[in-house]
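# What the coordinates show
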Amino acid sequence: MPDLERGGRSELPYGLVLRSSEAGGRIGEVRRWATAGTPVRDAAPGGLPEQLLTDHVPEPAARLLGTAAQEAGMRPVLTVPLSDLAVPRRPGGPDRSGAPGPHLLLEAPAPPPDEGQVLLEADATGVVRWVFPQTAVRGGRADRAAGAQTFRVPMEQFALPAGGPAADRGIVGFGVGKVLHLLRFPIERAAGLAADFAVSRWEKRHRPYGLRLTTPQTFLKAGEQPGDGADEGSDMQVSAGRLAELADRPFLLFVHGTFSRCRTGFRGIADDEPLLHDLHRRYDGRVLVFDHPTVHLDPVDNARWLLEHLPADRRLTLDIVTHSRGGLVARHLSRDGLAGAGRPAPSVRTLVHVATPNAGTALAEKQRLSDLLGVFTNLLGMFPEELVSTTLEVVLEVVKHGATGVLGGLDGLAAMDPASEGLGELNASAVPTDGSVRAVTSDFEPARNAALAMRALDGLVDRLFGVGNDLVVPTEGVHRAGSYVVHDPLVVPSASAVVHSGFFRDAQVRAGLSEWLPGS
């Protein structure tokens, strides 16, 4: 294996060039996949799931991600293994100044005009990350004219807390060994041009709006798409007329978060059958789920769609349970004028924020898009559920979107940027006094015996945020955001702290919902 010299340049097989900034190590044998010489649209899926297992990505995350990537049209082209990596120690902890730290630059041949490519990094700890071409990071098209693309691979290194299975103890920490996979995928075309807003077209097709009245038996079926096992007629929306007929008493409304649907985001509630049945009984069948696209549309647009589908002449009273970004949608529902002239805005009697980025999240900053996608990719793999693949597929669509250099068209994600104008407007006002507002948050710390990948992911995210977090949203930002302050939040104790996607599986959180939701 050739040495990777600090500040050096290594010419590798198949047109690859690896440059180092402050990082040294060893370069293994470069693998050229059989799919490399075939147009992506014609290439067989290959063996990405099996390769990720070899790269120490834990089961079932390796199989879930590898399979989903193949189904999304991604094909491995080249693989570069790296070992014995070392970077200079920086006194005082991680550098958050924004100055470039130790990194590698991998130069690879550019793909054909109708294809894009992205780098999937698998760390020896089992954590995966997405790396966009440098031109894509700057918001420009991939530099195909030069015949090459360059990927900047950050070289963070940190030790992990002792503990975990015995098999983990041979790995010192994050950043010691990595495997870099260059993946290619087809670029969809519209009107003869590469589509700037491919995600919006995908979301409209696969993540349409829906407002549905549910029963305990249909709660998980709401929002199923044809081909997902839905029964004929199970995806019918509730009409404004029917809502008006039931408007004499309050409704319970569920609003999901980023990349999600209600049947995935609130699975923890559905699996608690006594709670699910009790809520439907309390509200006498007035339980609504609101599915909506979360990537290409702003929460204001989501709220406006919902308001337009409520009765024009009856004022509804709502108790709302939200997760993540869904809390921002709910806050817009009662804003003056959003419902339109002559239409009554609903009365929000109870609003429950569960992991809502009321103060935003650094992961939503434009330059952090790959970090956001990486965190969700890892979380979905570490906490697999029956329906998790439906969430991962939209994450992969955004990966492809960002890798082509199109950073526009992601208004739904940009709305969670702490510096966004929309958040500034929302947080200029205090919590309404004419209703009850609750907040649930967590400062996640993995148990000492947690899997190596979980401990590594937590360490990576903690260095990024610099404050307590649930791996996606800062702990305090859920209940304290400018003038918007929710008193007496439920902070899940550190002994049983939960990650962003796991709140509704926590018994304390479900008990809080049972206490806070008064029913009809």
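Cut-offs applied
Residues numbered from 1 in each chain as written. Predicted model: local features only at pLDDT ≥ 70, side-chain atom pairs only at ≥ 80, totals over all residues. Heavy atoms only, no water. Helix = DSSP H or I, 4+ residues; strand = E, 2+ residues; numbered from the N terminus. Buried < 20%, exposed > 50% of the residue type's maximum accessible area, 1.4 Å probe, protein only. Contact = heavy atoms within 4.5 Å. Pairing = 2+ DSSP bridges. Axes fitted to C-alpha atoms, helices over the stretch in contact; angles between N-to-C directions. pLDDT = per-residue confidence, 0-100. 1 Å grid on protein atoms, 1.4 Å probe; cavity = no way out; pocket = protein on both sides within 12 Å on 5 of 7 lines; lining within 4 Å. Points joined across faces, edges and corners; volume = space filled by probe spheres on them. Nonpolar A, V, L, I, M, F, W, Y, C, P; charged D, E, K, R; others polar. Parallel < 35°, antiparallel > 145°, perpendicular 65-115°, else oblique. Left-handed = near helix turned anticlockwise from the far one by under 90°. Core = buried A, V, L, I, M, F, W, Y, C linked by side-chain atoms within 4.5 Å. Phe/Tyr/Trp six-rings, centres within 6.5 Å; stacked < 30°, edge-to-face > 60°.

### Topic: the overall build of the protein chain
Looking only at helices and strands, the protein chain has 16 helices and 24 strands in total. Residues counted as buried form 57% of the 520 residues belonging to the protein chain. Residue pairs in contact within the protein chain that sit at least 24 positions apart in sequence constitute 79% of those at least 6 positions apart.

### Observations regarding the sheet that holds strand β21 (residues 436–442)
Reading across from one edge, β16-β18-β17-β19-β20-β21-β24 is the order of the seven strands in this open sheet, with mixed pairing throughout. Unpaired on one side and paired on the other, β16 (210–213) and β24 (490–492) mark the two borders of the sheet. Averaged over all pairs of adjacent strands, the angle between their axes in this sheet comes to 15°, without regard to strand direction. In this structure, strand β20 (residues 347–354) lies alongside β21, joined through five bridges in parallel fashion. Bridging across to β21, Leu351 finds its partner in Val437. Seen against the sheet, helix α16 (residues 507–516) touches β19 (317–323), β20, β21 and β24 and runs at an angle of roughly 165° to β24.

### Regarding unusual backbone geometry
Look at the link from Glu59 to Pro60: it is a cis peptide, with omega at 10°. One can find Pro60 in the loop between α1 (48–54) and α2 (61–71). Phi is positive for Ala355, close to 60°, though the residue is something other than glycine. Inspection of the secondary structure puts Ala355 in the loop between β20 and α11 (369–382).

### A word on the confidence of the model for the protein chain
Summary statistics for the protein chain give a mean pLDDT of 88 and a share of 88% for residues scoring 70 or more. Note that residues 191–195 has pLDDT below 50 and, in this model, seven contacts with residues that lie over four places away or in other chains. Scored below 50 in pLDDT, residues 226–235 shows 12 contacts in the model against residues more than four places distant or in partner chains.

### As for empty space enclosed by the protein
Under the counting rule described, the total for this entry stands at one cavity of 30 Å³ or more. Of the voids in this model, the largest cavity is the one considered here, and its volume is about 60 Å³. What lines the largest cavity is Val57, Pro58, Ala61, Leu65, Gly126, Val128, Thr377, Asn378, Gly381 and Met382. For the lining of the largest cavity, the secondary structure elements donating two or more residues are α2 and α11. For the lining of the largest cavity, the leading source of residues is α11, giving four residues. Grouping the amino acids of the lining of the largest cavity by side-chain chemistry returns six nonpolar, four polar and no charged.

### Considering the packing of α2 against helix α12 (residues 388–403)
Angle between the axes and distance between the axes: these two values describe a pair of packed helices. For the pair α2 and α12, the least separation of the axes is 10 Å and the interaxial angle reads 55°. Relative to α12, α2 is oriented oblique. Classified by chirality, the crossing of α12 by α2 is right-handed. The segment α2 lies against α12, with Leu64, Leu65, Ala68 and Ala69 engaging Val388, Ser389, Leu392 and Leu396. The residue inventory of the contact of α2 with α12, partitioned by class, reads seven nonpolar, one polar and no charged.

### Let's talk about the nonpolar core
Judged by nonpolar contacts, the single largest core of 100 residues is most densely connected at Trp130, Leu211, Leu253 and Phe259. Looking at this core element by element, the count peaks at eight residues for α12. Counting residues in each nonpolar core, the second largest holds 26 residues, with Leu252, Phe266, Leu279 and Val509 among its members.

### What to know about the packing of aromatic side chains
The geometry of an aromatic ring pair is captured by the separation of the ring centres together with the interplanar angle, meaning the angle of the planes. Within the structure shown, the criterion is met by eight aromatic pairs. Taking 5.2 Å as the distance between ring centres and 10° as the angle between the ring planes, the aromatic pair formed by Phe158 and Phe174 counts as stacked. Taken together, the residues Phe158 in strand β11 (residues 158–159) and Phe174 in strand β12 (residues 173–174) connect sequence positions 16 residues apart. Judged by relative accessible area, Phe174 falls into the buried class, the value being 1%.

### Quick look at the packing of helix α4 (residues 198–206) against α12
At a minimum axis distance of 9 Å, the contact between α4 and α12 shows a crossing angle of 160°. Here α4 lies roughly antiparallel to α12, going by the angle between them. Crossing hand, α4 versus α12: right-handed. Counting all contacts with α4, which are made through Ala198, Val199 and Trp202, the residues of α12 involved are Glu393, Val394, Glu397, Val398 and His401. The class makeup of the residues in the contact of α4 with α12 is five nonpolar, one polar and two charged.

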